[in-house]
Amino acid sequence: MDSVKILRLGAAMGLLLCSCAGQVPADPGDIATRARRIHHNVLTLDTHVDIPVDFASDSVDPGLRGRYRVDLPKMEQGGLDAVFWIVYVRQTRERDAAANAAHTAAMVKFDAIHRVTEELYPEQIELAYTADDVARIHAAGKKVAAIGIENGFVIGRDLTLIDRYHALGARYITLAHGGHNDICDSATPRAWDDSTAEHGGVSPFGAQVIAAMNRVGIMVDVSHISRQSMLDAVRLSQAPVIASHSSVRALADHPRNLDDEQMLALRDNGGVMQTVAFGLYVKVDPPEKGAALQALRTTFGLGPERKLEDLAPPERAEHDTRLATIHNAWPPPNVQDFVDHIDYAVHLIGIDHVGISSDFDGGGGIDGWYDASQTLNVTTELVRRGYTEPQIRKLWGGNLLRVWHETERVAALLQAQTMTETMTQTP
Ligand SMILES: [Zn+2]
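Chemist: Explain the overall build of the protein chain here, please?
Modeler: Looking only at helices and strands, the protein chain features 15 helices and nine strands. The C-alpha atoms of the protein chain give a radius of gyration of 22 Å, which matches the 22 Å a tight globule of 427 residues would have. When its C-alpha atoms are laid out on the principal axes, the protein chain stretches across 80 × 55 × 55 Å. Per-residue burial for the protein chain yields a buried fraction of 53% across its 427 residues. Counted over contacts in the protein chain with a minimum sequence separation of 6, partners at least 24 positions apart contribute 71%.

Chemist: How do you make sense of the coordination of the zinc ion when you look at a structure like this?
Modeler: Between any two of four tetrahedral donors, the ideal angle at the metal is 109.5 degrees; between two of six octahedral donors, it is 90 or 180 degrees. At this site the zinc ion is bound by Glu150 (OE), His224 (NE2) and His245 (NE2), with donor distances of 2.1 to 2.2 Å. On the primary sequence, the residues serving as donors to the zinc ion are separated as E-x73-H-x20-H. Of the two residues, glutamate 150 sits in strand β4 (residues 143-150) while histidine 245 sits in the loop between β7 (242-243) and α9 (260-268), which places them 95 residues apart along the sequence.

Chemist: Please clarify how the side chain of asparagine 269 should be interpreted in this entry.
Modeler: Tracing the chain through its elements places asparagine 269 in the loop between α9 and β8 (272-276). Residue asparagine 269 is classed as buried on the basis of its relative accessible area of 16%. When sequence neighbours within four positions are dropped, the list of residues in contact with asparagine 269 reads Val234, Ser237, Ala239, Pro240 and Val241.

Chemist: Would you mind showing me how to read the packing of helix α2 (residues 28-41) against helix α15 (residues 389-425) here?
Modeler: Helix-helix packing is characterised by the crossing angle of the two axes and by the distance between the axes. At their nearest, the axes of α2 and α15 sit 10 Å apart, and the two run at 50° to each other. With respect to each other, α2 and α15 are oriented oblique. Considering the relative orientation of α2 and α15, their crossing is right-handed. From α2, Ile38, His39 and Asn41 reach across to α15, where they touch Glu389, Ile392, Arg393 and Trp396. Looking at the contact of α2 with α15 residue by residue, the classes come out as three nonpolar, two polar and two charged.

Chemist: Help me out: how do you make sense of helix α8 (residues 227-236) in this one?
Modeler: Quick reminder: α-helices carry 3.6 residues per turn. Residues three or four places apart thus point the same way. Burial in α8 covers these residues: Ser229, Met230, Leu231, Asp232, Ala233 and Val234. Looking at the buried positions of α8, the neighbouring elements they touch are α7 (204-216), β6 (219-221) and α9.

What counts and how
Residues numbered from 1 in each chain as written. Predicted model: local features only at pLDDT ≥ 70, side-chain atom pairs only at ≥ 80, totals over all residues. Heavy atoms only, no water. Helix = DSSP H or I, 4+ residues; strand = E, 2+ residues; numbered from the N terminus. Rg over C-alpha atoms; globule rule 2.2 N^0.38 Å. Buried < 20%, exposed > 50% of the residue type's maximum accessible area, 1.4 Å probe, protein only. Contact = heavy atoms within 4.5 Å. Donors = N, O, S within 2.8 Å, 3.2 Å for Na, K, Ca; no water. Axes fitted to C-alpha atoms, helices over the stretch in contact; angles between N-to-C directions. Parallel < 35°, antiparallel > 145°, perpendicular 65-115°, else oblique. Left-handed = near helix turned anticlockwise from the far one by under 90°. Nonpolar A, V, L, I, M, F, W, Y, C, P; charged D, E, K, R; others polar.

Structure follows, in structure tokens:
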């Protein structure tokens, strides 16, 4: 389909928002009751939750209600059953020299996640190594942790690290983050990148990385990578891909979101996009709001040299009052805005290819789904729009688990093939 047709189709889909299949319960009390029941019945899985570097230490104890948006008490309160905790490493300008540092940084987070599930709270949460583990752990009444690596930069040029990270529990790798790396181009190049595209998509080394991920059984995550990289990854991967935290570009024109053509390619590949509740990707602020926020910063002399915390109490109070006025005039994104993205995606690519993610503690969180304790609000909005329990089950993790299973199946096939080849080559 050409891009004009795709745009027209996208526009037509936009008209269909809020008209999902299923009976729309009209009574708010009825909606709340149904939502609570469905939320309890389905397994709720969030594919993107960041953790700080001091996670699982005295300063950040995930077993206590703390300042971060996800911890065990908030998961319990919000009925959030499973999270992918993220081993994130920052991209740097230097690559070869930074490879060891990136690996060391990744290991700190792997260790922290294992500490939570094996030493600190093994009675409450367990690490899933397989898609079946997720259901088993949930059925045993525990919370489920899984691990995603955010940024293929962690492997440097060493393909053997992919097996190593897999053994530690990594089940998806986001190929790049902000800034290009040796695997592919990023959707958001950094100041040090010489151009908007270094490889023109996935590099030859990146193709080897994807093949190695397919072979070991790690899902290929296309969030954060450039449009062409994403289309290349879909073509190269023998298993369906995921977009672990990306929303709809037709509704919020940000390069981190997926356009209609990308979404259709992901559907045809059997993959799933985990719509993300990250404010900037849910609703792009109008220029007037940006100008008002900038004027406010100028008025109070805020910048790199002077931060909000530096304002004296009366000044801070005045600042906050004016900020609230700006937010009242242009409300920040809320759960309804977020579910508009889910609706759009479901209408364009079908209920089997859409999921949910927060990006909590990595910048995510919107009005109404500010932290894990408010997770029920998402289900309530889905019920209000007429989504049925089987549909909500797919959105809240069923689709993601299908892709995870399929990734395992492809890996088993590829490993069996390699074994056969090795045996026939042996004299
Ligand atoms: Zn991210």
